[in-house]
Amino acid sequence: MKQLVVRSLAAGLFAAGLLGGTAGAALAAKDSLTLGMVLEPPHLDPTAGAAAAIDEVVYANIFEGLTRIDRRGEVQPALAESWTISGDGLVYTFRLQGGVKYHDGSDFDSADVKFALDRAMAEDSTNAQKGLFAPIASVETPDASTVVITLKQVAGDFLFNLGWGDAVIVAPESAAENKNNPIGTGPFKFDRWVKGDRVEMSRNPDYWGEAAGLAKATIKIIPDPAAATAALLAGDVDAFANFPAPEALGQFENDPRFTVAVGSTEGETILAMNNAGAALKDVRVRRALAHAIDRKAVIDGAMFGYGTPIGSHFAPHHPAYVDLTDRYLHDPEKAKALLAEAGYGDGLSLSLKLPPPSYARRSGEVVAAQLAAVGVKTEIIQVEWAQWLDQVFKGRDYDLTIVSHTEPMDIGIYARDDYYFNYDDAGFKALMAKLGATLDEAARNGLLAEAQEKLAEDSVNVFLFQFAKPGVWNKDLVGLWENSPVQANDLTEVNWKE
Amino acid sequence: MPGDIGPGEALAPAWREYWMRGRSSAGFVIGLAVTALLVAVALVSLVWTPYQVDVMDIPVKLQAPSAAHWLGTDQFGRDVLSRLMAGAVNSIAVSLVAVGIGAGLGVPLGALAAARRGIIEEVVMRFNDFTFAFPALLSAVMITAILGPGAVNSIIAIGIFNIPVFARLTRGASLSLWQRDFVLAARVAGKGRTRITAEHILPNIASLLIVQMTIQFALAILAEAGLSYLGLGTQPPAPSWGKMLNEAQTLMYLAPQLAIFPGLAIMGTVLGLNLLGDGLRDLLDPRLRRLR
Amino acid sequence: MAVFLLQRLAAFIVTLLVASLVVFLVMEVLPGDPAALMLGVSARPDTLAALRSEMGLDLPAAQRYLLWLGGLVSGDLGTSYTYGVPVWELVRERIGLSLPLALIAICLSTLIAIPLGVLAAARHNKPADVGVMGFTQLGVAVPNFWFAILLILVFAVHWQVLPAGGFAGWDAGFWPALKTLLLPAVALALPQAAILARVTRSSVLETLGEDYVRTARAKGLTRRAALWRHALRNALIPVVTIMGLQFSFLLAGTIIIENVFYLPGLGRLIFQAIAQRDLIVVKDLVILLAASVVAVNFIVDLLYAVLDPRLRGGGHAG
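Asker: Can you tell me about the interface of chain C and chain A, naming the residues and giving the values?
Answerer: Taken together, the contact pairs 33 residues of chain C with 39 residues of chain A. Buried surface at the junction of chain C and chain A, summed over both partners, amounts to about 3,000 Å²; 55% is from carbon and sulfur atoms. Applying the counting criterion to the chain C and chain A interface returns 0 salt bridges. Counting across the interface, chain C meets chain A through 1 residue pair in polar contact (both at pLDDT 80 or more). Going through the elements one at a time, α2 (34–39), α3 (45–54), α5 (87–122) and α11 (266–275) of chain C are the ones with two or more residues in the side of chain C that touches chain A.

Printed below as a string of structure tokens:
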């Protein structure tokens, strides 16, 4: 009994000591970060799932690939310290970093690279971006620090693609367990995941490169915008790299404790149209819809002003971008005229299926009201992601939907067979094939401009706005990404100001 | 349960007497007034609202209450008062049909169980037990997950969970009536079970059912609001009180009033209906009055 | 008594079996493919097929039902599709939130309701009674999620003394964790308190009218003494049963309240699992909830049988 009392007393003191300890640490130089995130990852293996939330936790922090994408969207060496490309553009020879260890202490070498790439390409692979590896003919390992990848055809963006989260290098010993216990080579190692609440990681003392500035990073899942606002105000989280409530940004902009940075993303938000639909297969109807939409009102109403209007499926910050926003100006009269010309003068009824995120639901309501003004009646159907994938994406059973296409440089989706837009255009496919075989930067940009023109001309979808990335963080925090060239929260350069 | 009433005078409603009694019950009067007001507002909104319900005016979004917009505007600049008025129609329609389904199927089932006993009764009562094993809200969430969200599907979800309520009540009340002398007399006279149920049983439990319908109506209003709040009920742009609350939650820092008015509407409606139900119970069955 | 027990036990098992079948069938017709959801928009058909077979989705339905049922009986709840961990682990993590939340709520509602109910009964038809009854009318009429929003508005937005949502976790310490559960518990407790106060009041009034209480008063006990010594103890029997029933409703009521406050509890888990088509988690949780409701009903039946001798003679308690 006495022992028990002593022991619980000791435990109490220990707990008190711990509390005092953290308070003391807060006064000293802070070296931990709590980052808020909206969506919880389904698991933590970026090579086995499409969810962006996985990359937002592990990319560049826990896992690394041969190359990595930096904050400007450019390709940098990572596990490959350098590479050479053969004259015909088909053979890539990578020289690997030396002295790299996985978090479980095992060594990294060329065999791991071969394992990881073969695993991603395999028949029974569950990699969500198998297409990235489609050009690969073979992976060879002449020695422990060299990897030779031979391609079937020239792939202009191959190095960029190797920098995706889906192409990170995993070890054969730990690959199967990465979903719940991710073992990578990155500057942070995984500590634990409290499901539904947070993921914790800490600095990897044996990291091969420059050590991380933070000793500890906690990623806290806060799905609710109101709760996110409260958590920032209360100091429960230090930062939201992608803050979910544009309506509350004004408040943070006026608060000296916070930095607000509105960056760009790769997210083209579109009103997608079923180009095979009874009415929508007529380009005049699609153009009428484009004229009916007031992008500014959509951005103001749904995004509280955050977002950049776009006129085609392309990110405005990209060098090849062409501003096509004046192609279909907001003009209800013209929309009505075009509809009448197409034989829908007395009205048209379309379904509008909206996935869960608030940008889609809110934009949908504004779009529905604007379409109603030109005589197009929409039936809004709110769906969960599972249904959206099933009905819209796979079944193509829809007229209109609103979704943000967040993958970088994804204009190529318009050339895919059986893609949910049902836009089947030989001319555009030829354009994309030509792009794939072109390596010269200027020539590529010219082709990309042509592709943007073509999509606008055919009014394949109504292109609404480029998603903004409103970040809110403590003013003493530096190094977070403002823009989002890939979906990631790269914490390697994050630090507290002295 | 109704008192000793003979077959001939089965609940011959002495409405004048009820009215005299009712006027003296404050709860009943308030309940009746609130319910009448709700119905009136809903009817008015069918022909007139201060602003068009769905028309957006984004430049004037999130305004506080003013002379132009008595209850302010929402995130799309729509008039909150107009949307609340139109939301009343939605709430009443969904709840009315849902309770209708519940009573329409539940009462015959309960009456059948009481009239036939045996295996039919056992099946009906097991079904009852079974539905009680699932929390109603959980089941409603699952039903809307299968059928997809929407007003019609939330009616079905709420309706299904009203069936056992009425079945249980009807069976319980009818069982004792079947032992009464006037029913036995009717059976001796050669009347069939269906006819006895229609002529003697149902009229005698009518008051009980009316009271229960009022209570269930109030519960249905709450359930519809809950489903809409979760995004499973009425779909936009149609206005619904629960949905308005859901949207208001993320805007609480900017426009707290948006989170207040729809809730007041729900609470007022439910309060009114409950008071009306209690009042009716007291009127129709004074013996219970002492305990309430 | 034994016959009665066996009867109830058989009904208990049959109800659960039927429930499991219904839940399974419901999950079968639920639109949306969990494998497709995990792989997202650029999945290729062969990838999808690989994942479906990994998840066991390609087996015939009857076989999957039996496998699942067998797992349940042997205590193996299966593996979550989305999280890839045993469902039991998820339940254990979440129940650490939902159970304390329900307990706090039930304590709060009892602490509010019983004194109010007794007060109302003791001051029958006096202003205090009218006031309590008015409160209960309001409490029953307020949608709990709206009450929750109001609490957030006042305590989190306006005064900023309590968090607007989220759960600190018990390892953050007892008080910080409790703080995050306080508003949700109050929001859950209020409607329950209103119902409980009504039951307490009518139950006390009823026992006050019973013969033995009247006899006690005739023997010279004051009304107050009669109330405390005799009426209250007997009046509490129905109150306790109602509380038992409320507990399972509280567990379910957390679905909406956990959504309002974004608490990672069982209710939110079930809601998310439905949206993410994590069918195995939905099936398991629904069965667990149904089992707990049925079990509480069963226990209540037993309690009645013990407390009320009239029921022991093989009477029908359904």
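Asker: Tell me about the environment of A:Gly311, and name the residues and values.
Answerer: Along the chain, A:Gly311 falls in the loop between β13 (308–309) and α9 (332–341). Those residues in contact with A:Gly311, other than ones at most four positions away along the chain, are A:Arg295, A:Leu324, A:Thr325, A:Ala456 and A:Phe463.

Asker: An account of the interface of chain B and chain C is requested, with residue identities and associated values reported.
Answerer: It is common to give the size of an interface as the accessible area lost on bringing the parts into contact. The partner chain C presents 46 residues to the 37 residues of chain B that form the contact. Counting each side, the surface lost to burial between chain B and chain C is near 3,800 Å², with a carbon and sulfur contribution of 78%. Seen at the junction of chain B and chain C, the total is 1 salt bridge. A salt bridge links B:Asp278 to C:Arg198, with the nearest nitrogen and oxygen atoms 3.6 Å apart. The tally of links between chain B and chain C comes to 3 residue pairs in polar contact (both at pLDDT 80 or more). By residue number, the principal contributor to the side of chain B that touches chain C is helix α11 (residues 261–284) of chain B, which donates 9 residues. A class-by-class count of the residues in the side of chain B that touches chain C yields 29 nonpolar, 4 polar and 4 charged.

Asker: Explain the pattern of salt bridges to me, and be specific about the residues and the numbers.
Answerer: Taken as a whole, this structure holds 42 salt bridges over all chains when the rule is applied. A:Glu200 is the salt-bridge partner of A:Arg198, the closest N and O atoms lying 2.8 Å from each other. With relative accessibility at 12%, the residue A:Glu200 sits in the buried group. Here B:Glu199 and B:Arg195 are joined by a salt bridge, their closest N and O atoms 2.9 Å apart.

Asker: Please provide a residue-by-residue account of the packing of aromatic side chains, values included.
Answerer: Enumeration over the complete set of coordinates arrives at 30 aromatic pairs over all chains. A ring pair is formed by A:Phe465 and A:Phe467, whose centres lie 6.3 Å apart and whose planes are at 35°; its orientation type is tilted. The same class applies to A:Phe465 as to A:Phe467, namely buried. In this structure, B:Lys61 packs its charged tip against the face of A:Phe304, placed 4.2 Å from the ring centre. Lying across the ring of C:Trp68, C:Lys283 places its NZ or CZ 5.4 Å from the centre.

Cut-off values and rules
- The numbering scheme is per chain: residues are counted from 1 as the chain's sequence reads.
- Think of it this way: whatever chain is written first is A, whatever ligand is written first is 1, and the rest follow in order.
- The predicted origin of the model limits local features to residues at a pLDDT of at least 70 and limits the giving and counting of side-chain atom pairs to 80 or more, whereas totals for whole chains, interfaces and linings rest on all residues.
- Excluded from the side-chain calculations are hydrogens and water; all other atoms, namely the structure's heavy atoms, are used.
- Any two residues whose heavy atoms approach within 4.5 Å are treated as being in contact.
- Throughout, buried area stands for the accessible area (probe radius 1.4 Å) lost by two parts on being put together, summed over both.
- A side-chain nitrogen of Lys or Arg and a carboxyl oxygen of Asp or Glu constitute a salt bridge if their distance falls within 4 Å.
- By the criterion applied in these results, polar contacts are pairs of N or O atoms within 3.5 Å in which, for protein atoms, one can donate a hydrogen and the other can accept it, and in which residues neighboring in sequence qualify only through two side-chain atoms.
- Secondary structure counts use DSSP, requiring at least four H or I residues in a row for a helix and at least two E residues in a row for a strand, with both numbered from the N terminus.
- Amino acids are sorted into nonpolar (Ala, Val, Leu, Ile, Met, Phe, Trp, Tyr, Cys and Pro), charged (Asp, Glu, Lys and Arg) and polar (every other residue, Gly among them).
- Each residue is assigned to one of three classes by its accessible area relative to the maximum for its type, calculated with a 1.4 Å probe on protein chains only: buried under 20%, partly exposed between the two thresholds, exposed over 50%.
- Ring geometry is summarised as follows: Phe, Tyr and Trp rings, the Trp one being its six-membered ring, pair when their centres sit within 6.5 Å, and such pairs are stacked at plane angles under 30 degrees, edge-to-face over 60 and tilted between the two.
- Distance and angle both matter: a charge sits over a ring if NZ of Lys or CZ of Arg is within 6 Å of the ring centre and within 35 degrees of the ring normal.

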